[in-house]
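Structural features, examined
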Amino acid sequence: MSLPSSDFTRQLPASVRKQLLVARIAVERVEFVQAVEQFRDSVQPAHMVRKALSGSVLGSLNPANSLLRLLDFTRGHPYVGSLMGSVISLLLRKRLVRSVFTRLLKMGLLGGAMYGIRQFLSKDRTR
(Lines give C-alpha, C1' and ligand atoms only; values in the text may rest on other atoms or scores of the structure.)
Protein backbone atom coordinates (compact mmCIF):
# COMPACT_ATOMS: atom_id res chain seq x y z
CA MET A 1 0.00 0.00 0.00
CA SER A 2 1.45 3.36 -0.96
CA LEU A 3 1.49 6.37 1.29
CA PRO A 4 -0.80 9.27 0.38
CA SER A 5 0.77 12.03 -1.59
CA SER A 6 1.62 15.33 0.00
CA ASP A 7 -1.45 16.92 -1.66
CA PHE A 8 -3.75 14.83 0.52
CA THR A 9 -1.85 15.43 3.71
CA ARG A 10 -2.27 19.19 3.58
CA GLN A 11 -5.10 20.65 5.57
CA LEU A 12 -8.17 21.67 3.59
CA PRO A 13 -9.21 25.31 3.51
CA ALA A 14 -11.87 26.40 5.98
CA SER A 15 -14.48 27.00 3.28
CA VAL A 16 -14.12 23.44 1.97
CA ARG A 17 -14.32 21.98 5.47
CA LYS A 18 -17.45 24.06 6.09
CA GLN A 19 -19.06 22.78 2.88
CA LEU A 20 -18.22 19.19 3.80
CA LEU A 21 -19.70 19.69 7.25
CA VAL A 22 -22.90 21.20 5.83
CA ALA A 23 -23.21 18.30 3.35
CA ARG A 24 -22.70 15.77 6.13
CA ILE A 25 -25.37 17.46 8.26
CA ALA A 26 -27.80 17.37 5.33
CA VAL A 27 -27.17 13.66 4.74
CA GLU A 28 -27.61 12.86 8.43
CA ARG A 29 -30.84 14.89 8.51
CA VAL A 30 -32.25 12.90 5.57
CA GLU A 31 -31.23 9.60 7.23
CA PHE A 32 -32.89 10.72 10.46
CA VAL A 33 -36.14 11.59 8.67
CA GLN A 34 -36.12 8.18 6.96
CA ALA A 35 -35.53 6.40 10.28
CA VAL A 36 -38.39 8.34 11.91
CA GLU A 37 -40.73 7.42 9.05
CA GLN A 38 -39.78 3.73 9.33
CA PHE A 39 -40.32 3.90 13.09
CA ARG A 40 -43.71 5.59 12.64
CA ASP A 41 -44.79 2.88 10.19
CA SER A 42 -43.68 0.07 12.49
CA VAL A 43 -45.41 1.58 15.55
CA GLN A 44 -48.89 1.28 14.09
CA PRO A 45 -50.86 -1.19 16.22
CA ALA A 46 -51.94 -3.35 13.30
CA HIS A 47 -48.35 -3.76 12.14
CA MET A 48 -47.13 -4.56 15.65
CA VAL A 49 -49.82 -7.20 16.24
CA ARG A 50 -49.25 -8.74 12.82
CA LYS A 51 -45.52 -8.95 13.40
CA ALA A 52 -45.91 -10.33 16.93
CA LEU A 53 -48.36 -13.01 15.80
CA SER A 54 -46.73 -13.94 12.52
CA GLY A 55 -45.57 -17.50 12.81
CA SER A 56 -45.79 -17.63 16.59
CA VAL A 57 -49.50 -18.23 17.22
CA LEU A 58 -50.83 -18.69 13.72
CA GLY A 59 -48.03 -20.87 12.38
CA SER A 60 -47.14 -23.15 15.28
CA LEU A 61 -48.29 -23.64 18.81
CA ASN A 62 -44.85 -24.43 20.23
CA PRO A 63 -44.51 -22.25 23.37
CA ALA A 64 -40.72 -22.06 23.11
CA ASN A 65 -40.96 -20.85 19.51
CA SER A 66 -43.59 -18.30 20.52
CA LEU A 67 -41.37 -17.00 23.31
CA LEU A 68 -38.38 -16.72 20.99
CA ARG A 69 -40.49 -14.84 18.45
CA LEU A 70 -41.69 -12.50 21.18
CA LEU A 71 -38.12 -11.85 22.30
CA ASP A 72 -37.10 -11.22 18.69
CA PHE A 73 -40.00 -8.77 18.36
CA THR A 74 -38.92 -6.89 21.50
CA ARG A 75 -35.34 -6.75 20.21
CA GLY A 76 -36.56 -5.00 17.08
CA HIS A 77 -38.80 -2.68 19.11
CA PRO A 78 -36.91 -1.68 22.29
CA TYR A 79 -39.56 0.81 23.37
CA VAL A 80 -41.97 -2.09 24.05
CA GLY A 81 -39.89 -3.28 26.99
CA SER A 82 -39.69 0.13 28.58
CA LEU A 83 -43.42 0.67 28.01
CA MET A 84 -44.26 -2.69 29.59
CA GLY A 85 -41.98 -1.92 32.54
CA SER A 86 -43.77 1.38 33.10
CA VAL A 87 -47.20 -0.25 32.86
CA ILE A 88 -46.22 -3.03 35.26
CA SER A 89 -44.78 -0.57 37.78
CA LEU A 90 -47.98 1.48 37.63
CA LEU A 91 -50.11 -1.62 38.07
CA LEU A 92 -48.04 -2.92 40.97
CA ARG A 93 -48.92 0.16 43.00
CA LYS A 94 -52.47 -1.17 43.34
CA ARG A 95 -52.87 -3.83 46.03
CA LEU A 96 -55.41 -5.99 44.17
CA VAL A 97 -53.46 -5.91 40.92
CA ARG A 98 -50.25 -6.70 42.80
CA SER A 99 -51.75 -9.85 44.32
CA VAL A 100 -53.20 -10.99 40.99
CA PHE A 101 -49.94 -10.27 39.21
CA THR A 102 -47.87 -12.20 41.73
CA ARG A 103 -50.24 -15.16 41.46
CA LEU A 104 -50.01 -15.09 37.68
CA LEU A 105 -46.24 -14.80 37.88
CA LYS A 106 -46.04 -17.79 40.21
CA MET A 107 -48.33 -19.81 37.94
CA GLY A 108 -46.23 -18.85 34.93
CA LEU A 109 -43.01 -19.86 36.67
CA LEU A 110 -44.57 -23.15 37.75
CA GLY A 111 -45.87 -23.78 34.24
CA GLY A 112 -42.47 -22.97 32.74
CA ALA A 113 -40.74 -25.33 35.16
CA MET A 114 -43.22 -28.10 34.38
CA TYR A 115 -42.75 -27.54 30.66
CA GLY A 116 -38.97 -27.68 31.05
CA ILE A 117 -39.17 -30.88 33.09
CA ARG A 118 -41.49 -32.43 30.50
CA GLN A 119 -39.11 -31.50 27.69
CA PHE A 120 -36.15 -32.89 29.64
CA LEU A 121 -37.94 -36.16 30.35
CA SER A 122 -39.12 -36.53 26.76
CA LYS A 123 -35.52 -36.04 25.54
CA ASP A 124 -34.37 -38.67 28.01
CA ARG A 125 -36.92 -41.21 26.71
CA THR A 126 -35.94 -40.74 23.07
CA ARG A 127 -32.33 -41.66 23.76
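Just above, that's the structure.
Residues numbered from 1 in each chain as written. Predicted model: local features only at pLDDT ≥ 70, side-chain atom pairs only at ≥ 80, totals over all residues. Heavy atoms only, no water.

This part covers the overall build of the protein chain. What the protein chain contains, in helices and strands, is six helices and zero strands. Going residue by residue from the N terminus, the α and β elements of the protein chain occur as α-α-α-α-α-α. Looking at the protein chain as a whole, 5% of its 127 residues qualify as buried. Here the analysis covers contacts within the protein chain between residues at least 6 apart in sequence; of these, 37% occur between residues at least 24 apart. Split by element, the accessible area of the protein chain, about 11,400 Å² in all, is 66% carbon and sulfur. (Helix = DSSP H or I, 4+ residues; strand = E, 2+ residues; numbered from the N terminus. Buried < 20%, exposed > 50% of the residue type's maximum accessible area, 1.4 Å probe, protein only. Contact = heavy atoms within 4.5 Å. Areas by Shrake-Rupley, 256 points an atom, 1.4 Å probe, with all protein chains shown as cover.)

Turning our eyes to something else, we now look at the pattern of salt bridges. By the definition in use, this model includes one salt bridge. One salt bridge in this structure joins Arg 24 and Glu 28, with 3.2 Å as the shortest N-O distance. With Arg 24 and Glu 28 both in helix 2 (residues 14-43) and four residues apart, the pair spans about one turn of that helix. Judged by its relative accessible area of 55%, Arg 24 falls in the exposed class. (Salt bridge = Lys/Arg side-chain N within 4 Å of Asp/Glu carboxyl O.)

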